[in-house]
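Read off the chains here:
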Amino acid sequence: MKDRFSKVLESIPPSGIRAFFDLVQASDNVISLGVGEPDFSTPWTIREEAIYRIEKGQTTYTSNMGDPELRAAISEYQDQRFSNHYDPSTEILVTNGVSEGADLVLRSILNPGDEVIIPEPMYVCYDPLVRLAGGEVVTVNTSQSRFVPTPELIEQNITKRTKMIILCYPNNPTGMSIDQTVLEAIAKLAIRHDLWVISDEIYAELSYGKPFVSIASFPGMKERTIVLSGFSKAFAMTGWRVGYVCAEPELISRACKIHQYSALCCSSISQKAAIEALRHSRGDVKEMVESYHQRGKYFVSELNKMGLETLSPEGAFYCFPSIRKTGMDAMSFAMALLKAENVAVVPGNAFGKDGEGYIRCCYASSLSDLKEALARIQRFLSTLEK
Ligand code: PLP
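Residues numbered from 1 in each chain as written. Predicted model: local features only at pLDDT ≥ 70, side-chain atom pairs only at ≥ 80, totals over all residues. Heavy atoms only, no water.

### A short note on the overall build of the chain
So, step 1. The secondary structure content of the chain amounts to 13 helices and 12 strands.
So, step 2. For 386 residues, the compact-globule formula gives about 21 Å, and the C-alpha radius of gyration of the chain, at 21 Å, lands near that figure.
So, step 3. A burial count over the chain gives 54% of its 386 residues as buried.
So, step 4. With an accessible surface of roughly 16,800 Å², the chain has 52% of that area assigned to carbon and sulfur atoms. (Helix = DSSP H or I, 4+ residues; strand = E, 2+ residues; numbered from the N terminus. Rg over C-alpha atoms; globule rule 2.2 N^0.38 Å. Buried < 20%, exposed > 50% of the residue type's maximum accessible area, 1.4 Å probe, protein only. Areas by Shrake-Rupley, 256 points an atom, 1.4 Å probe, with all protein chains shown as cover.)

As structure tokens, this is what we get:
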């Protein structure tokens, strides 16, 4: 048989994060600042709700669109928390995490050759998913503007083929947020050039200081914005696999068509647990956010003291230190640090070429692990100076 496998897929490398962490797993005594995952267990009331639903035998398929009670809870939550108004019966689709949501939306919208503008460094799934959906990625380098795209740079990259912009703030991998004025200017651009905007709001709850503003809430933006959100990060529910897409009905019905054939629905038990999360666990979220904020402040100030320039994170649980002063590239730095001191960080270029010269550290680790990691990084840096 010739052409046994998909050509597009062959051109896509495996995730840089996963490849690196296969190496990490082979070593002992490693402090991992690598995988972007909360270090809290899912709040107990959420776990208890799932146990109760299993006991009751509520283990069947749900509607393709998602458990109606969960869609109602999401609608209420989006309305109260972010002033986004979505009809639970036609404008909300429950998915297996934001990951599936992103895939469904891109496959519903893109035709071969359509261009998608994405600020870089970027979360690892956007580029491969755009390409698998037949689109082409156009990156906007944000490393000269505090990792936030300027509207001017975005506009310079708009062509006749541009169909969409993808935004994610607070951001993975940089931890930076976007100012409301910049977001408003990008919204105006999207309206003027008639573009879709995907807004990945998975870290919306994990915003420090500045309140989170959704681009979908601006005038004229609801009909062209696709909000992706979920439970993995804010509610410490990464393994439950629940996320959702909020958008206008025509897009939702198309995304649901793919979802009904490829996934059918999201886990019924996880959906019940997600209802409990929205209705009764928002206090737990506040405590977790405060804890990430404090740990981030400490970790970043220590990195800066040792000369690794790092911007103060404004949300999520990542920081993105520059390692330029070492003269090493990101992959060599991460490999050497792992080998010499058993500290795992992600090379910045795993998030695109403009992440070269940086590493991503996730500080959702215990304070004692963070202290030990900092001591080991300091020791590593001093050996480089010799
Ligand atoms: N979007 C961003 C920006 C992320 O950082 C992640 C996970 O790290 C995801 C989406 C995937 O989330 P989920 O677990 O909901 O699939």
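Anyway, onward from the coordinates.
### Considering a nonpolar patch on the surface
So, step 1. On the surface, V8, L9 and L132 cluster together into a nonpolar patch covering about 250 Å² of accessible area.
So, step 2. Tracing the backbone shows L132 in helix α6 (residues 126-132).
So, step 3. The class for L132 is partly exposed, based on a relative accessible area of 43%. (Patch = residues over 30% accessible without salt bridge, like charges linked within 9 Å, V, L, I, M, F, W, Y side chains within 5 Å. Salt bridge = Lys/Arg side-chain N within 4 Å of Asp/Glu carboxyl O.)

### Concerning the sheet that holds strand β3 (residues 115-120)
So, step 1. If you trace the 7 strands from one edge of the open sheet to the other, you get β2-β8-β7-β6-β5-β3-β4, paired in mixed fashion. Every other strand in the sheet has two partners, leaving β2 (92-95) and β4 (136-141) as the edge strands with one partner each. Strand-to-strand twist of the sheet, defined as the mean angle between neighbouring strand axes without regard to direction, takes the value 20°.
So, step 2. Sheet topology note: the β3/β4 ladder contains 6 bridges and is parallel. Its bridge partner lying in β4, V116 is registered against V137. (Pairing = 2+ DSSP bridges. Axes fitted to C-alpha atoms, helices over the stretch in contact; angles between N-to-C directions.)

### Focus: the pattern of salt bridges
So, step 1. Under the defined criterion, the tally for this structure stands at 25 salt bridges.
So, step 2. The shortest N-O distance in the salt bridge between E49 and R53 comes to 2.8 Å. In this pair, E49 and R53 are both assigned in helix α3 (residues 44-55), 4 residues apart and thus about one turn of the helix distant. Of the two residues, E49 and R53, neither departs from the other in class, the shared state being buried.
So, step 3. It is possible to trace a salt-bridge network through shared partners that takes in D67, E69, E76, K272 and R279.

### Re the nonpolar core
So, step 1. Within the largest apolar cluster, 130 residues are counted, with the highest numbers of intra-cluster contacts made by I226 and F231.
So, step 2. Broken down by element, this core gets its largest block of residues, 7 residues, from helix α11 (residues 282-305).
So, step 3. Discounting residues that sit within four places of it in the chain, I226 has contacts with V105, I109, W196, V197, I198, S199, V245, C246, A247 and L251. (Core = buried A, V, L, I, M, F, W, Y, C linked by side-chain atoms within 4.5 Å. Contact = heavy atoms within 4.5 Å.)

### Examining the site of the ligand
So, step 1. In the vicinity of the ligand, 13 residues are found, and the nearest of them are S99, D200, Y203, S232 and K233.
So, step 2. The contact in question runs from an oxygen atom of the ligand to an N or O atom on the side chain of K233, over 2.6 Å.
So, step 3. Considering every element that reaches the shell around the ligand, the biggest residue donor is helix α5 (residues 97-109), with 3 residues.
So, step 4. Class assignment for the residues of the shell around the ligand results in 6 nonpolar, 4 polar and 3 charged. (Near = heavy atom within 4 Å. Polar contact = N/O pair within 3.5 Å; in protein donor to acceptor, adjacent residues only side chain to side chain. Nonpolar A, V, L, I, M, F, W, Y, C, P; charged D, E, K, R; others polar.)

### Observations regarding the environment of R254
So, step 1. Among the structural elements, R254 can be located in helix α9 (residues 249-262).
So, step 2. Spatially, the C-alpha atom of R254 lies 32 Å from that of V35, the residues being 219 residues apart in sequence.

### Some words on the sheet that holds strand β9 (residues 318-319)
So, step 1. With antiparallel pairing, the 3 strands of this open sheet are ordered in space as β9-β12-β11. Strands with a single pairing partner mark the edges of an open sheet, and in this sheet they are β9 and β11 (346-347).
So, step 2. Sheet topology places β9 next to strand β12 (residues 359-362); 2 bridges connect them, and they run antiparallel. Within β12, the position partnered with C319 by the bridge is C361.

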